[in-house]
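Residue-level listing of the chains:
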Amino acid sequence: MPKLTLDDINDLRAYEREREDFRRDVIELKRRRRVELGQILTLLFENRQTIRFQIQEMARIEKLISDTAIETELRVYNPLIPDPGHLCATLFVELTSKDALMEWLPKLVDIERSVSLRLSDGELVRAVVDEDHERQLTRDEVTASVHYVRWELSPGQVERFVGGPVTVVVDHPAYRAETELGDETLAELRRDLQHGG
């Protein structure tokens, strides 16, 4: 699946005309691609549509109208569109209160390095942290609420993933969780792995 270009991003007036329907479709798409991991972590597997929505919404909120501004967003977010054999996701630490943030964010340093996919044969494929985002988000004493991760699967691993079942595993010293991927999520991710997102 090709990465997004300027031609894929509508100007603000054109986006307003499509926004209601596009937003409804992306909400449903994200529902199929979202995985809850215990009480406070959520993983959203990204693809071309979720990233286009992200950029369109950023442009809308921040009133980005120049090609240069949109190109900056494309550089930031295009790496989250998976190529064949890859999966890309946003990892959210879902905390809303200041007290919970102050308690958990220091405990969860390196959480982004603690997420794996367990394939049908038991093999764990650990997430790779996106290097550009890591420089902005990772600290030694406290983590961010958002991280960008990806998985790079070999052809054999893709085959085992497609055959299922697949479980997302978090094995951080301060937080452990496991969630088996449901049928809708597996169907979405199989397409990503086989054709790109």
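In this report, we go over the structure that sits alongside the text. Every value quoted in this text rests on a predicted model; they were computed, and no experiment measured them.

Further remarks concern the side chain of R19. Assignment of secondary structure puts R19 in helix α1 (residues 12-33). A distance of 2.7 Å separates a polar atom in the side chain of R19 from a polar atom in the side chain of E57. Discounting chain neighbours no more than four positions away, the residues touching R19 are E57 and R60.

With respect to the helices and strands, P173 occurs in the loop between β8 (167-172) and β9 (175-180). Sequence-wise, P173 and V109 are 64 residues apart; in three dimensions their C-alpha atoms are separated by 9.9 Å.

As a further point, take the sheet that holds β8. With antiparallel pairing, four strands are arranged side by side in an open sheet as β5-β4-β8-β9. Two strands in the sheet have a free side with no partner beyond their single neighbour: β5 (124-126) and β9. With strand direction ignored, the average angle separating the axes of adjacent strands in the sheet is 25°. Judged from the six bridges that link them, β8 and β9 form a sheet pairing that is antiparallel. What sits directly across from T167, in β9, is E180.

The full count for this structure, using the stated rule, is 20 salt bridges. Here R48 ties to D8 by a salt bridge, and the two come within 3.0 Å at their closest N and O atoms. Linking R48 in helix α2 (residues 48-62) with D8 in the segment before α1, this pair joins segments that are 40 residues apart in sequence. Linking K107 and E103 is a salt bridge whose minimum nitrogen-to-oxygen distance equals 3.0 Å. Placement of both K107 and E103 in helix α4 (residues 98-107) is noted, with a separation of four residues, approximately one turn of the helix. What makes E103 partly exposed here is its relative accessible area of 40%. Here the salt bridges do not stand alone but share partners, grouping E28, R31, R32, R33, E184, E188, R191 and D192 into one network.

Reading the values: rules and limits
- Residues numbered from 1 in each chain as written.
- Predicted model: local features only at pLDDT ≥ 70, side-chain atom pairs only at ≥ 80, totals over all residues.
- Heavy atoms only, no water.
- Helix = DSSP H or I, 4+ residues; strand = E, 2+ residues; numbered from the N terminus.
- Polar contact = N/O pair within 3.5 Å; in protein donor to acceptor, adjacent residues only side chain to side chain.
- Contact = heavy atoms within 4.5 Å.
- Pairing = 2+ DSSP bridges.
- Axes fitted to C-alpha atoms, helices over the stretch in contact; angles between N-to-C directions.
- Salt bridge = Lys/Arg side-chain N within 4 Å of Asp/Glu carboxyl O.
- Buried < 20%, exposed > 50% of the residue type's maximum accessible area, 1.4 Å probe, protein only.

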